[in-house]
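These are the residues of each chain, in order.
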Amino acid sequence: MAPPLPLVAAAAAVAARRASPACFLLGRFKNPSVACAASIATTGEAAAAAAAAAAASPALAEEAIAPSSRGGSSSSVSSASPPGSGRSSSSASSSSTSSSVPSIFSARAKYAPHCVPWLRNSKLRANLEKYCDVRDVYEGDLSTVKVATLRAGLSGADGGGSGAASPAQQSSPSPGGGLSLSPSPSSSPARVVVKSFDKAKLLRRPDLQAKVKLEWEIHSALDHENVVRAFLASESDRHVGLFMEFAGDSDAYSYMAAKKRLALREDDARALVWDVLQALEHLHHGHGVVHRDIKSENVFRCAASGCWKLGDFGSALRLGDARTMARQPLKLEGTFSFAPPEYVAIWDRFTRAELLDATSFRLDTWSLGALAYDVLCGRAPFALRDDMPRAEEAEAILRAAPAFPSGLSYAAVGFMKQALEKDPQKRPTVRQLAAHPWFAG
Ligand SMILES: Nc1ncnc2c1ncn2[C@@H]1O[C@H](COP(=O)(O)OP(=O)(O)O)[C@@H](O)[C@H]1O
Ligand SMILES: [Mg+2]
């Protein structure tokens, strides 16, 4: 067995890792996800698949809101224009596309079943800054993320994201052009997150366009308390916005940082890992979806319930037969330090056949093990130093046994060892991991 890693050493390592220049969020640096677009560009078949997906965009746009055909969810998604959506109203111009700018989805907004009533008002969406306090929380290469809180006095029914809108709760523009919303039965703030994409960029890049559609298609079909709820996809001439539940100010990464802790207490870490396991059970077994970017930055703590929710479906794929795979833009995606050996081995260069072969639900079980390690030990399992060359970390992911700090329970270490099985064929499924003795106590 590898010698135990003292927590102090782990602390130094995490401080270093977390200072690594990546993407900046809320005054801290984060571990960036990567899509190997450059590599895929060298694989003709994959580029063709992305182009084909883009060419099929009108059909895909409609399909994007169809409920999953793989079962497991009783949810259905309504594409009908609800009262107040302003589809025929000229005042809603900003949430529908003009004839000069092509549509990404279609001219209408796409609603997920759990969309909060007040968001169904297209006039409000078109004037978000007027009706909401909006703050930026993230600026990435492809998207920006904002939190929008409906101003006092306009509080719509249920800002928390639970339950579909009843017709009586739906908001509508008043005849005078002002906004009228039903009185709120709850005192919770009506708050949503908007993940926004530059439309001009998407129109130039069919592969990115297909990726954003797939993110919405997959996310909007999910329905689980440990998964961030998708509300709505909407587009203006300049932006495509994915609206979703505000899942709290803390992802697991910033939660630890805010508490000035390098790692969670074992009980807290176990609760987090359990919640993510429940989310993965829903994805894998309910929808045939692999997430491919499980890490602490994509797991959110809901302040109201204290439970953890999985978000960011920007790397997710539906697994299935050759036809299913061909319909999706296939790139190698994820975050290197959380990626399993089968992806690390082909990280920089791969053929489509190799990528298909390496893409399975077992990607997520490894990354769940890496997430458990991160929240228990304060760093990704093989990222020993901040200045560790990529090749050295790759070598460790491929061949080394992880070192565990002293002080962890036997069951916790056993869980991580099982999940961090190098051979994907021998690696346990999420159901097998959920039966691990670590969760028995
Ligand atoms: N539903 C949400 N609730 C709260 N914060 C969110 C939510 N979605 C995203 N964020 C914040 O925005 C960041 C980036 O969002 P994410 O969907 O992970 O984009 P990316 O694909 O660029 O990683 C997250 O790490 C988180 O801090
Ligand atoms: Mg993310």
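Thresholds, definitions, all that
Residues numbered from 1 in each chain as written. Chains lettered and ligands numbered in written order. Predicted model: local features only at pLDDT ≥ 70, side-chain atom pairs only at ≥ 80, totals over all residues. Heavy atoms only, no water. Helix = DSSP H or I, 4+ residues; strand = E, 2+ residues; numbered from the N terminus. Polar contact = N/O pair within 3.5 Å; in protein donor to acceptor, adjacent residues only side chain to side chain. Axes fitted to C-alpha atoms, helices over the stretch in contact; angles between N-to-C directions. Parallel < 35°, antiparallel > 145°, perpendicular 65-115°, else oblique. Left-handed = near helix turned anticlockwise from the far one by under 90°. Contact = heavy atoms within 4.5 Å. Nonpolar A, V, L, I, M, F, W, Y, C, P; charged D, E, K, R; others polar. 1 Å grid on protein atoms, 1.4 Å probe; cavity = no way out; pocket = protein on both sides within 12 Å on 5 of 7 lines; lining within 4 Å. Points joined across faces, edges and corners; volume = space filled by probe spheres on them.

Brief notes about the environment of D207
Relative to the assigned elements, D207 resides in helix 8 (residues 206-221). Sequence separation between D207 and P329 is 122 residues; the distance between their C-alpha atoms is 6.5 Å. In this structure the side chain of D207 is engaged in a polar contact, spanning 2.8 Å, whose partner is the side chain of R205. Of note is the side chain of D207, whose polar atom sits 3.1 Å from the side chain of K331.

Considerations on the packing of helix 10 (residues 266-287) against helix 14 (residues 362-377)
For the pair helix 10 and helix 14, interaxial distance at closest approach is 10 Å and the crossing angle is 160°. With respect to each other, helix 10 and helix 14 are oriented roughly antiparallel. Seen from above, helix 10 lies across helix 14 with right-handed handedness. Facing helix 10, whose interface residues are E266, A269, L272, V273, V276, L277, L280 and H284, helix 14 presents D364, L368, L371, A372, V375 and L376. Split by residue class, the contact of helix 10 with helix 14 holds 11 nonpolar, 1 polar and 2 charged.

Quick look at the layout of surface pockets
Its volume calculated, the second largest pocket comes out at about 600 Å³. If you go around the second largest pocket, you meet 31 residues; those closest to its centre are K146, V194, S196, S236 and H239. Broken down by secondary-structure element, the contributors of at least two residues to the lining of the second largest pocket are helix 5 (122-126), helix 6 (128-131), strand 5 (132-139), strand 6 (143-150), strand 9 (191-198), strand 10 (230-235) and strand 11 (239-245). Classifying every residue of the lining of the second largest pocket gives 9 nonpolar, 11 polar and 11 charged.

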